[in-house]
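Secondary and tertiary structure notes
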Amino acid sequence: MPILYSYRRCPYAMRARMALKYAGIELEHREIALREKPKSMLLASSKGTVPVLCIDGQVIDQSLDIIHWALDKSDPDGWKNVDESMANCWIEKNDGQFKILLDQYKYPNRYPGLNQDEVLNTTLELMLKPIEIALQANPYLMGNKLSWVDVAIFPFIRQFAGVNPPRFAALPLTATRRWLTQHIESQLFQSVMEKHPTWVD
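Residues numbered from 1 in each chain as written. Predicted model: local features only at pLDDT ≥ 70, side-chain atom pairs only at ≥ 80, totals over all residues. Heavy atoms only, no water.

1. A short note on the pairing of strand β3 (residues 52–55)
Short version of the rule: Think of it in three bands: with a 1.4 Å probe and only protein chains considered, a residue is buried below 20% of the maximum accessible area for its type, exposed above 50%, and partly exposed in between. We count a stretch as a helix when DSSP gives it H or I for four or more residues in a row; a strand needs E for two or more, and each element gets its number in order from the N terminus. Two strands are counted as paired when DSSP detects at least two bridges linking them.
Residues Val52 and Cys54 line one face of β3 and the alternating positions Leu53 and Ile55 line the opposite face, and both faces are buried. Direction of pairing for β3 relative to strand β4 (residues 58–60): antiparallel, over a ladder of three bridges. From the neighbouring strand, leucine 53 faces β4, where its bridge partner is isoleucine 60. Connecting β3 to the next strand, β4, in antiparallel fashion are two residues, including aspartate 56 with a positive phi near 45°.

Okay, here's the thing in structure tokens:
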């Protein structure tokens, strides 16, 4: 049985867990403690971050690679049937500059030289307004159907919204909030957010 090293609140691990669950992959879930990472995980992947998926001697330690591995095994609703170029543009923006801005917004004490209003405005222009425009035109980022792109990006928007919920609620992002709520309340997301005891080697 595949082994997944994960951390409940990590957005990278969230999107991997959602894809694995959707694809019906049976696995052993090993919940880690960030301050005391299990030696077995570090032996499998020296980078020391989650998610890490171990399958019969193979190690996949990038969340996007885990998503694609899972969907290659099973993709009943056609999550992969999207424009690849457009999908990559969204992912590169999310995992690149948006993730940097998210960290700056979430941890202002680490970036004392930055103005938080400017960080928010930059984030709006870079990511949140384009998402809003896309979701005003269609219910999902890639069109009329849920795809792996929604699942890969949603945990990071959830994290951003959670930094200052009243402020996020006041932003002109009606379609984005609806999309976010839909994912948060989905059976798929709820199922991968169940608590697990911390794994100890």
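Once the structure has been displayed, the description carries forward.
2. Re the packing of helix α1 (residues 11–22) against helix α6 (residues 148–163)
Pairs of packed helices are described in terms of their axes, by the angle between the two and the distance that separates them. Going by this rule: With axes taken as lines fitted to C-alpha atoms, and helix axes fitted only over the stretch in contact, angles between N-to-C directions fall between 0 and 180 degrees. Should the near helix be turned counterclockwise from the far one by less than a right angle, the crossing is left-handed, whereas a clockwise turn marks it as right-handed. For this analysis, residues touch if any pair of their heavy atoms sits within 4.5 Å. Polar here means any residue outside two lists: the nonpolar Ala, Val, Leu, Ile, Met, Phe, Trp, Tyr, Cys and Pro, and the charged Asp, Glu, Lys and Arg; Gly therefore counts as polar.
Taken N-terminus to C-terminus, the directions of α1 and α6 make an angle of 145°; their axes are 8 Å apart at the nearest point. Where α1 crosses over α6, the handedness of that crossing is right-handed. Here Pro11, Tyr12, Met14, Arg15 and Met18 of α1 come into contact with α6, specifically with Val151, Ala152, Phe154, Pro155, Phe156, Arg158 and Gln159. Classifying every residue of the contact of α1 with α6 gives nine nonpolar, one polar and two charged.

3. Some thoughts on helix α8 (residues 174–184)
Using the following cut-off: Throughout, the arc means the angular range of directions from the helix axis out to the C-beta atoms.
Of the positions making up α8, those classed as buried are Ala175, Thr176, Trp179, Leu180 and His183. The buried residues of α8 occupy one face: seen down the axis, they fall within an arc of 135°. Those residues of α8 that are exposed and angled more than 90 degrees off the buried face are Thr174 and Arg178. Elements in contact with the buried residues of α8: α5 (116–137), α6, α7 (165–170) and α9 (187–192).

4. Focus: the packing of aromatic side chains
Where we set the bar: A pair of Phe, Tyr and Trp rings is counted when the ring centres sit within 6.5 Å of each other, with Trp represented by its six-membered ring. The angle between the planes then sorts it: under 30 degrees is stacked, over 60 is edge-to-face, the rest tilted.
Counted by the stated rule, this structure contains five aromatic pairs. Taken together, a centroid distance of 4.9 Å and an interplanar angle of 80° make the contact between tyrosine 12 and phenylalanine 156 edge-to-face. In this pair, tyrosine 12 is assigned in helix α1 and phenylalanine 156 in helix α6, connecting sequence segments 144 residues apart. Given a relative accessible area of 0%, phenylalanine 156 falls into the buried group. Where tyrosine 22 meets tryptophan 79, the ring centres are 3.7 Å apart and the plane angle is 0°; that geometry is what we call stacked. With tyrosine 22 in helix α1 and tryptophan 79 in the loop between α3 (63–73) and α4 (84–106), this residue pair connects regions lying 57 residues apart in the sequence. For the pair shown, tyrosine 22 and tryptophan 79 are each scored as buried. Chaining the aromatic ring pairs together yields one cluster made of Phe98, Tyr105 and Phe160.

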